[in-house]
Amino acid sequence: MKISYNWLRQYLDFNISPEETADKLTLLGLEVEEIEETGSDFEGFVVGEVLDVRNHPNADKLVLCDVNTGDEQVQIVCGAPNVAAGQKVPVAKIGATIPVPMKDGSYLTIKKTKIRGETSQGMTCSEAELGPSDDHTGIMVLNGDTSVGTPLKKVLNTEKDTVFEIGLTPNRPDAACHIGVARDLSAVVDAKLKNPYKEATVANTALTEEISIKIEDPDKCHRYVGLIVENVKVDESPAWLKNRLTAIGLRPINNVVDVTNYVLHEIGQPLHAFDYGLIGKKKIIVKSFDEVTKFTTLDSIERTVPAGSLFICDGNGPVAIAGVMGGENSEVTEKTSKILIESAYFDPSSVRKTSKQLALQTDSSYRFERGIDPNLQLRAAKRAAELIAEITGGTILEGAEDVHPVKTDPQIVPLRPSRVNHLLGTKLGKDKIQSILQKLEFGVEEASGRLLCSVPTFRPDVTREVDLIEEVGRVYDYNNIPKPESAPFIAPEPLSEAEQFQQRLRSLAKSLGYKEISTNSLLSKKEADLLAGEELQIHTLNPVSQENTTLRTHLTGGFLKALRYNLNRNAVNLKFFEIGHVFRKSDNGTWIKGVEEQIHLLFGLCGNRKEDNWQSETQPWTIFDLKADIEALFHDLGIADDIVQETKGNQSLRYWYKEEIVGVLNETEETLLKGFDVEQDAFAAEVNVTRLFDLGLAQKQITYTAVPRFPTFEFDAAFTVDASVRAGDLAKQIKETAGVLLKSVTVFDVYEGENLGKGKKSIAFRLTFLDSNKTLNIKDVEPVVQKIVQTLEKTAGAKLRA
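As the structure is a computational prediction, the values presented were derived from the model and not from experiment. In this numbering scheme, every chain counts its residues from 1 along its sequence in written order. Whole-chain, interface and lining totals are the exception, using all residues; otherwise, since this is a predicted model, local features are given only for residues with pLDDT of at least 70 and side-chain atom pairs are given and counted only at 80 or more. Side-chain descriptors were evaluated using all non-hydrogen atoms of the structure, hydrogens and water having been removed beforehand.

Q: Quick question: what am I supposed to make of the side chain of Arg367 here?
A: Along the chain, Arg367 falls in helix H9 (residues 363–370). The cut-offs for exposure are 20% and 50% of the maximum accessible area for each residue type, with area from a 1.4 Å probe on protein chains only; residues under the lower value are buried, those over the upper are exposed, and the others partly exposed. When charges are counted, Lys and Arg are positive and Asp and Glu negative, with His and the chain ends excluded. Counted as salt bridges are all cases of a side-chain nitrogen of Lys or Arg within 4 Å of a carboxyl oxygen of Asp or Glu. No salt bridge is formed by the buried Arg367. Its closest oppositely charged neighbour is Asp363, at 4.3 Å. There is a polar contact of 3.0 Å between the side chain of Arg367 and the backbone oxygen of Ala176. Contacts between residues were defined by any pair of non-hydrogen atoms, one from each residue, lying within 4.5 Å. Sequence-distant contacts of Arg367, defined by excluding residues within four places in its chain, comprise Met1, Ala176, Leu264, His265, Gly268, Pro270 and Ile372. Put simply, DSSP marks the helices as runs of H or I at least four residues long and the strands as runs of E at least two long, and each gets a number from the N terminus on. We call two N or O atoms a polar contact when they sit within 3.5 Å, provided that within protein one can donate a hydrogen and the other can accept it, with sequence-adjacent residues counted only if both atoms are side-chain atoms.

Next comes the structure, spelled out in structure tokens:
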């Protein structure tokens, strides 16, 4: 949310710099995330007159202009297609700095230079270069009556300003406007708040002859106020109003619409102006529709509005989506001469639901969703009517239509001064506490040693004593609270067995060189479809955005998004791991019926294991690098010998333990890489941490085995098999057949050649045997080897080659 420093000074007399103001706002809980300088004093800019325009001798698209700047005549090289002799134009003289930054964020300072061999002593400027608009199609042409040499600041009526970008928390709707921020600031700079809304009054007469207002759904609309201004002349807004709006990033439209936007950002009350002449049967009806409704909003987009949404209707049908956006059929235009000002209170949950379903958030819906002051509507409408009448020359009809079926009274919350000091660690007196709260416009009365605080209706977040204490603390300034001389030591709660198991896995992943990532558990529907079928997906009922609609079924999606983010920023050789929850539809469910929730561990690789250098060439990671890391994990858990591998195609493995799938390893498919916009090969493996824990691996102890006293005996055997036979399957059968003497089996050679025959290959294994009680020799090992040969010949058609 943007807040203008100059605008704040409209309501407060204070003499602190914008930087100090930002610090104070942040300490008040209104965190200033960014400070931006806007506008310009246009030092070095004047009104110039183009005396002559002639072709540039060395460039077809450039011209040479002789320009009178008032005190001298200069030549300026110009590329604008609309430049012509006799025009009055803005001229940046030598030494002037263009106020709008260039693409790289730097600012251009004008110097005497040569462009294609011709001298240029200044610059004629477009609106985009000066800031009033983004129009860069040609130079800005000024009124012909403007005097040559006049400082440009006097002509454009602009002002330099500082704008604060405030990260507003959802519980502070009162601070979503300049007066709300000024109110908080007034409490710490000790300045009186000038609030124009306290004095706004309206004659207690109705406008029933002009307009009829009816609320059919009071649960969604607590109040609706209508004021009428006639004889308005819709035109361009005055400079002061345009300066206020452009400073906070709004585009001025016309003097009526600009006033409604001004009041919105001044006090936080959304308003809407209807062309009175377009209101059918002079009726306003606030109601919901039970069916889906087509409606064209002010941006000329026909929207499909879901059933149950609240509308503002006239005698013919909808004219606005309540709290979100008005309709094209009642828009204020230059032909409008009489307007109806709407000022209403709409239920926050109703507006939020409609806004989310339409994927349409506006300045109005942003404030209605958080909860505005339910007692401000009449005063805000009156303020807008007065400004519109003043600017447009219109006349306010006496009285107002104020339909108010649901009234909201201030809440009384008791406060104990002793409790304030106990929680804050202060020694504040009762008078000091009362003074702070009154500066924030809380009503305070003393009763039986307590303070009875009347909470203003613009503060829906204050409902308890502790909320009042927080108000005192943030205004008093937490930096002023003395440090305690002592503090109790509270031991952290011990980690559960499941958490300890996850920490163990986390430490192992880091020891293998992986960096931890933490990704969003929500994906877009398109991304979710790439990872799992609809039968497994769980969708959110009210998604924050279309990018976050579906709970993840795998961690791989987050890994690929992290890859894309890092690769786009020239990061290379990425090794990521993540421990996180995945969610899938299930008949039973883990915590919620129909939702299976598990914890997975992801390992992911992308890039090169080794970069090229003078000693070696580039070595990219392969699926076998990831396989080695997964097997290191199982070895650390003490289950490597019990893991059964199942191949699925050439680039996929499943890991089984005790007849349960505990892990899957894949080379990421091309369609998946393309779907997540990753342009490099990637490998990912997911291990089911929940299943490993349920199988008792957290309790599995690592046991110590003494260093063997006797040497190992190694035996090499090569087998000729069909080319389709996998080495892993043979190694598994060797282990199962050999018994306890065999400690390890590794593949050290694979050979294919014409001498073996078509469709054949040779796989050579190194068998390592060990007996803890004696030294083995060939006689001890030979029977085991013969048994292995017979088994492999029987099961895989293997022939002992050597």
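Q: So what exactly am I meant to see when it comes to the sheet that holds strand E4 (residues 63–68) here?
A: Strands in a sheet are paired, the pairing made by backbone hydrogen bonds, and the direction either parallel or antiparallel. Two strands pair under a simple rule: DSSP has to find at least two bridges between them. The strand order across the open sheet formed by five strands is E5-E4-E3-E6-E9, and the pairing between neighbours is antiparallel. The strands lining the two open edges of the sheet, one partner per strand, are strand E5 (73–78) and strand E9 (123–124). By the bridge criterion, two bridges tie strand E6 (residues 88–92) to E9 in an arrangement that is antiparallel. Among the inter-strand pairings, Val91 is bridged to a residue of E9, identified as Thr124.

Q: Before we go on, may I ask you to explain the pattern of salt bridges in this structure?
A: One side chain can pair with another of opposite charge once the charged atoms of both are near each other. What the rule picks out here adds up to 42 salt bridges. The salt bridge partner of Lys194 is Asp13, with a shortest N-O separation of 3.2 Å. With Lys194 in the loop between helix H5 (178–189) and strand E11 (212–215) and Asp13 in the loop between helix H1 (5–8) and helix H2 (18–27), this pair connects stretches of sequence that are 181 residues apart. You can call Lys194 partly exposed: its relative accessible area is 39%. Measuring nitrogen to oxygen at the nearest pair gives 3.6 Å for the salt bridge that ties Lys439 to Asp190. Of this pair, Lys439 sits in helix H12 (residues 430–439) while Asp190 is found in the loop between H5 and E11, placing the two residues 249 residues apart along the sequence.

Q: What's the story with the pairing of strand E13 (residues 271–275) in this structure? I'm lost.
A: Consecutive residues of a regular strand have side chains that alternate between opposite faces of the sheet. The element E13 is extensively covered by neighbouring structure, given that five of its five residues are classed as buried. Here E13 shows a buried face lined by Leu271, Ala273 and Asp275 and a second buried face lined by His272 and Phe274. Where E13 lies against strand E20 (residues 338–346), five bridges are found, and the strand directions are antiparallel. If you follow Ala273 over to E20, its bridge partner there is Ile341.

Q: Any chance you could explain the packing of H12 against helix H13 (residues 465–476) here in plain terms?
A: The packing of two helices is summarised by the inter-axis angle and the distance between the axes. All axes here are fitted lines through C-alpha atoms, helices being fitted over the stretch that makes contact, and every angle between N-to-C directions spans 0 to 180 degrees. The geometry of H12 relative to H13 is characterised by a closest axis approach of 10 Å and an angle of 90° between their N-to-C directions. In terms of their interaxial angle, H12 and H13 are classed as roughly perpendicular. Here Lys432, Ile433, Ile436 and Leu437 of H12 lie close against H13, whose contacting residues are Leu468, Glu471, Val472, Val475 and Tyr476. The residue classification treats Ala, Val, Leu, Ile, Met, Phe, Trp, Tyr, Cys and Pro as nonpolar and Asp, Glu, Lys and Arg as charged. All others, Gly included, are polar. Class assignment of the residues belonging to the contact of H12 with H13 gives a composition of seven nonpolar, no polar and two charged. Every angle not falling under 35 degrees, over 145, or within 65 to 115 is termed oblique; those three ranges are roughly parallel, roughly antiparallel and roughly perpendicular.

Q: Just checking my understanding: could you explain the layout of surface pockets for this structure?
A: To locate leftover empty space, one rolls a probe as large as a water molecule over the atoms. Here a cavity denotes a set of grid points, spaced 1 Å apart and computed over the protein atoms alone, in which a 1.4 Å probe fits but from which it cannot get out, and a pocket denotes an open set meeting protein on both sides within 12 Å along at least five of seven lines; residues with an atom within 4 Å of a point are reported as lining. Grid points are joined across faces, edges and corners, and a volume is the space filled by probe spheres set on the points. Approximately 1,400 Å³ is the volume found for the second largest pocket. In this structure, the second largest pocket is lined by 49 residues; those nearest its centre are Leu130, Gly131, Pro132, Ser133 and Thr246. When residues of the lining of the second largest pocket are traced back to their parent elements, those giving at least two are strand E2 (32–38), helix H3 (127–130), helix H4 (152–156) and helix H6 (239–247). Per-element accounting of the lining of the second largest pocket gives the leading share, five residues, to H6.

Q: Help me out: how do you make sense of the pairing of strand E29 (residues 574–585) in this one?
A: Counted residue by residue, E29 has ten buried out of twelve residues, so it is predominantly covered. Relative to E29, strand E26 (residues 515–516) is paired through two bridges, and the arrangement is parallel. Bridge pairing links Glu516 to Phe577 in E29. As paired elements, E29 and strand E30 (residues 595–606) share twelve bridges and run antiparallel to each other. Its bridge partner being in E30, Leu574 is matched across the sheet by Cys606.

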